[in-house]
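# Fold and geometry: a report
One letter stands for each residue in the lines below.
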Amino acid sequence: MFKKFFLLAMVLISSCTTQPKEEAIPQYFMPFILPIATTSSNIFIGATNNDERYKSGKLAISNTKKMLSADNNPKNYISKENEIYSDTQIIKIFESKIFLISKANNNLLILPLNKDNIDCQTNTQTLYNCKNSISHRLKNDPKNLELIKYNGTTYAFINYASEYIDILKIEPTKISFAKSISVSSVSPKNNVNYEVLKVQHNKDSIFILFKSYIKKHKIDYDENKESIHDTSKEYQSNITKIAISDIINNDYNKLETKNLSDLGIIDTKDLYVDDNKAWILNYNPSTIIQINLANFSIIKKVDICSSATMLATDSVKNVLVIPCFKDNIVQLYSLNELEIKNQANIKKQTPSYAAIDSVNNIILVSYFEEHMVGVFDMNLKLIKTLFSKAK
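Reference entry: report on the structure contained in this document.

Quick notes on the rules
- Residue positions within a chain follow its written sequence, with the count starting from 1.
- Per-residue local features of the predicted model are confined to residues with pLDDT of at least 70, and side-chain atom pairs are confined, for both listing and counting, to 80 or more; whole-chain, interface and lining totals are unaffected and use all residues.
- Side-chain measures were taken over the full set of non-hydrogen atoms in the model, leaving aside hydrogen atoms and water.
- Going along the chain from the N terminus, every DSSP run of H or I of four or more residues is numbered as a helix, and every run of E of two or more is numbered as a strand.
- Using a 1.4 Å probe on the protein chains alone, a residue whose accessible area is under 20% of its type maximum counts as buried, one over 50% counts as exposed, and one in between counts as partly exposed.
- By the convention used here, residues are in contact when the closest approach between their heavy atoms is within 4.5 Å.
- Using a 1.4 Å probe, the Shrake-Rupley method yields the accessible areas, and only the shown protein chains count as cover for residues.
- Here a pair means two rings of Phe, Tyr or Trp (six-membered ring of Trp) with centres within 6.5 Å. Their orientation is stacked below 30 degrees between planes, edge-to-face above 60, and tilted elsewhere.
- Only strands joined by at least two bridges in the DSSP assignment are considered to pair.
- In this description, the term disulfide denotes a pair of cysteine sulfurs within 2.5 Å.
- We define a polar contact as two N or O atoms separated by no more than 3.5 Å, with the added condition that, inside protein, one atom must be a possible hydrogen donor and the other a possible acceptor, whereas residues neighbouring each other in sequence contribute only through side-chain atom pairs.
- To qualify as a nonpolar core, a set must consist of buried Ala, Val, Leu, Ile, Met, Phe, Trp, Tyr and Cys residues joined through side-chain atoms within 4.5 Å.
- To get an axis, a line is fitted to the C-alpha atoms, and for a helix only the part in contact is used. The angle between two axes follows their N-to-C directions and goes from 0 to 180 degrees.
- The working definition used for a salt bridge is a side-chain nitrogen of Lys or Arg within 4 Å of a carboxyl oxygen of Asp or Glu.

## Quick look at the overall build of the protein
Secondary structure assignment for the protein yields three helices and 31 strands. Counting over 391 residues, the protein shows a buried share of 52%. When contacts within the protein are restricted to residue pairs at least 6 apart in sequence, long-range pairs at least 24 apart make up 48% of them. Of the roughly 17,900 Å² of accessible surface on the protein, 45% is carried by carbon and sulfur atoms.

## Quick look at the packing of aromatic side chains
Each aromatic ring pair is described using two quantities: the centre-to-centre distance and the angle formed by the ring planes. One pass over the structure, following the stated rule, counts six aromatic pairs. The interplanar angle of 70 degrees and the centroid separation of 6.4 Å between the aromatic rings of Tyr77 and Phe387 together place this pair among those described as edge-to-face. Taken as a pair, Tyr77 in the loop between helix 2 (64–69) and strand 4 (83–85) and Phe387 in the segment after strand 31 (382–386) lie far apart in primary sequence, 310 residues in all. The class for Tyr77 is buried, based on a relative accessible area of 2%. Between Tyr194 and Phe210, the ring centres sit 6.2 Å apart and the planes meet at 50 degrees, which makes this aromatic pair tilted.

## Remarks on the pairing of strand 10 (residues 142–150)
Within strand 10, eight of the nine residues are buried, leaving the element largely enclosed by the surrounding structure. Two elements, strand 10 and strand 11 (residues 153–160), share eight bridges in a ladder whose sense is antiparallel. Bridge pairing in strand 11 links Leu147 to Ala156. Two successive antiparallel strands, strand 10 and strand 11, enclose a turn made up of two residues, where Asn151 displays a positive phi of approximately 50 degrees.

## Quick word on the state of the cysteines
A complete count under the given rule lists one disulfide for this structure. Paired through a disulfide, Cys305 and Cys324 show a sulfur-sulfur distance of 2.0 Å. The sign of the 75 degrees torsion about the S-S bond sets the Cys305-Cys324 disulfide as right-handed. With Cys305 in the loop between strand 23 (297–303) and strand 24 (312–314) and Cys324 in strand 25 (residues 319–324), the pair connects residues that are 19 residues apart, well separated along the chain. In this structure Cys305 comes out as buried when scored by relative accessible area, which is 6%.

## Some points on the side chain of Asn159
Structurally, Asn159 is set in strand 11. Since its relative accessible area comes to 0%, Asn159 is described here as buried. Separated by 3.2 Å, the side chain of Asn159 and the backbone oxygen of Val196 make a polar contact. Once you skip the residues sitting within four places of it in the chain, Asn159 turns out to touch Asp141, Pro142, Lys143, Asn144, Tyr164, Ile165, Val196, Leu197, Lys198 and Val199.

## A short note on the nonpolar core
Core analysis: the biggest nonpolar cluster contains 19 residues, and Phe157, Ile165, Val196, Ile206, Ile208, Ile247 and Ile248 have the highest contact counts within it. Secondary-structure elements contributing two or more residues to this core are strand 10, strand 11, strand 12 (164–170), strand 14 (193–201), strand 15 (205–215) and helix 3 (244–248). If we skip the residues at most four places from it in the chain, Ile208 touches Ile165, Ile181, Val183, Val196, Lys198, Asn238, Ile239 and Thr240.

## Quick word on the environment of Ser297
Looking at the element boundaries, Ser297 is found in strand 23. Between the C-alpha atom of Ser297 and that of Lys277, which follows or precedes it by 20 residues, the distance is 9.8 Å. The residues touching Ser297, leaving out its near neighbours within four places in the chain, are Gln290, Ile291 and Asn292. Looking at Ser297, its side chain comes within polar contact range of the side chain of Asn295, at 2.6 Å.

## Digging into the sheet that holds strand 11
Pairing between the strands of a sheet comes from backbone hydrogen bonds, and it takes one of two forms, parallel or antiparallel. In spatial order, the strands read 10-11-12-13; together these four strands make up an open sheet with antiparallel pairing. Across the chains shown, the open sheet's two edge strands, defined by having one partner strand only, are strand 10 and strand 13 (175–182). Averaged over all pairs of adjacent strands, the angle between strand axes in this sheet comes to 25 degrees, irrespective of strand direction.

## As for the pattern of salt bridges
On inspection of all chains with the given rule, the structure shows eight salt bridges. Between Asp267 and Lys211 there is a salt bridge, with its nearest N and O atoms 2.8 Å apart. One end of the pair, Asp267, is in the loop between strand 19 (256–259) and strand 20 (268–273); the other, Lys211, is in strand 15, with 56 residues separating them in the sequence. Taken individually, Asp267 and Lys211 each receive the classification buried, so the pair is uniform in this respect. The salt bridge involving Asp274 is made with Lys277; its shortest N-O contact spans 3.8 Å.

## Points about the environment of Ile175
Tracing the backbone shows Ile175 in strand 13. A residue is classified by how much of its surface remains accessible, and Ile175, at 10% relative accessible area, is buried. As for Ile175 and Leu108, which are separated by 67 residues in sequence, their C-alpha atoms are 9.1 Å apart. Discounting residues that sit within four places of it in the chain, Ile175 has contacts with Leu108, Ile110, Ile134, Ser135, His136, Leu168, Lys169 and Ile170.

## Notes on the sheet that holds strand 25
With antiparallel pairing, four strands are arranged side by side in an open sheet as 24-25-26-27. Of all the strands in the sheet, just strand 24 and strand 27 (340–345) have a single pairing partner and so form its edges. Between one strand axis and the next, the sheet turns by 15 degrees as a mean value, whatever way the strands run.

## Brief notes about unusual backbone geometry
Keep in mind that most residues, glycine aside, have a negative phi and that most peptide bonds are trans. For the peptide bond that leads from Asn284 to Pro285, omega is 0 degrees, which places it in the cis range. In this structure, Pro285 sits in the loop between strand 21 (277–282) and strand 22 (287–292). Unusually for a residue other than glycine, Asn328 sits at a positive phi of about 55 degrees. On the basis of relative accessible area, Asn328 is assigned to the buried category, the value being 10%.

The structure is reproduced here in structure tokens:
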């Protein structure tokens, strides 16, 4: 099981350094599925070429109503032209555009949506031949993407497996670099490493969840006087709040930073915020903590399944979904009350990512190592499974 979790972690935090093989991906087969995004009528499912068996990853697009009414044969809910070569790590839908980040080449690609679908030249089935696409090369290891509208301009906040956040300005025909900020300047300490975990925003402010750690490098001796090298890390989790206007205008004098370790929150993983509260996923121990953003005090803390990978939320439906990779469990909570509503035990399916489609009242969960997607109703009752099992 450790091997399985390590494989998922490598997809989430690292980029490939060796060249993929030239084997074509079989039709209707998805490699390692991670991101899922939805519009009112379509589902976008991304898969990475993590084991480098194939030429590329894949982006598959399905009409939601057609998928729900069809049988389990993929050809009945995904057409050939809607299987596109792309090693897709991150998918976001924002203002009639789709934002895709590729794991293979650390690239941000933005495409307009026409009737909720990508307008591509289907004879090549590559995203870079899609009409009116714009792209931008990123640093290594992009982890998350947050999109913000400020004074009529869209900004992309991209954090990496490091202390840095890049801010890009999205214009109609180009993507331009605006600035890069580092959380080390927020909480400067000597001999400390930093890693940004998530950037989120509400109507007024940006929130940055980050972790700092000190490598101990301590040498002890056992009873036989053999040296034991302690290379463990001493973690500390932090959250920083800064007004959107201040960060765009380079005014960092009014930011607030809270050491979450003072609240017993040390091993943080994910973050969601609304106008008044934050939900923080803590990995060990496995908990969700609801925080009051006015004073950073704890409102509620609940225990959850272990090895949770992310938080999927929908404020309209008051729903929070958590996939737990090692436990093979998906849990459903009420978002505001943090009360568990249901749990799906999906044996040996390795759930890694969840998306909530509140328009069509479904929850989609990617099964990372099984190369499939589970489709559930809003009570976590399984409706069907998409794609073929692992080969």
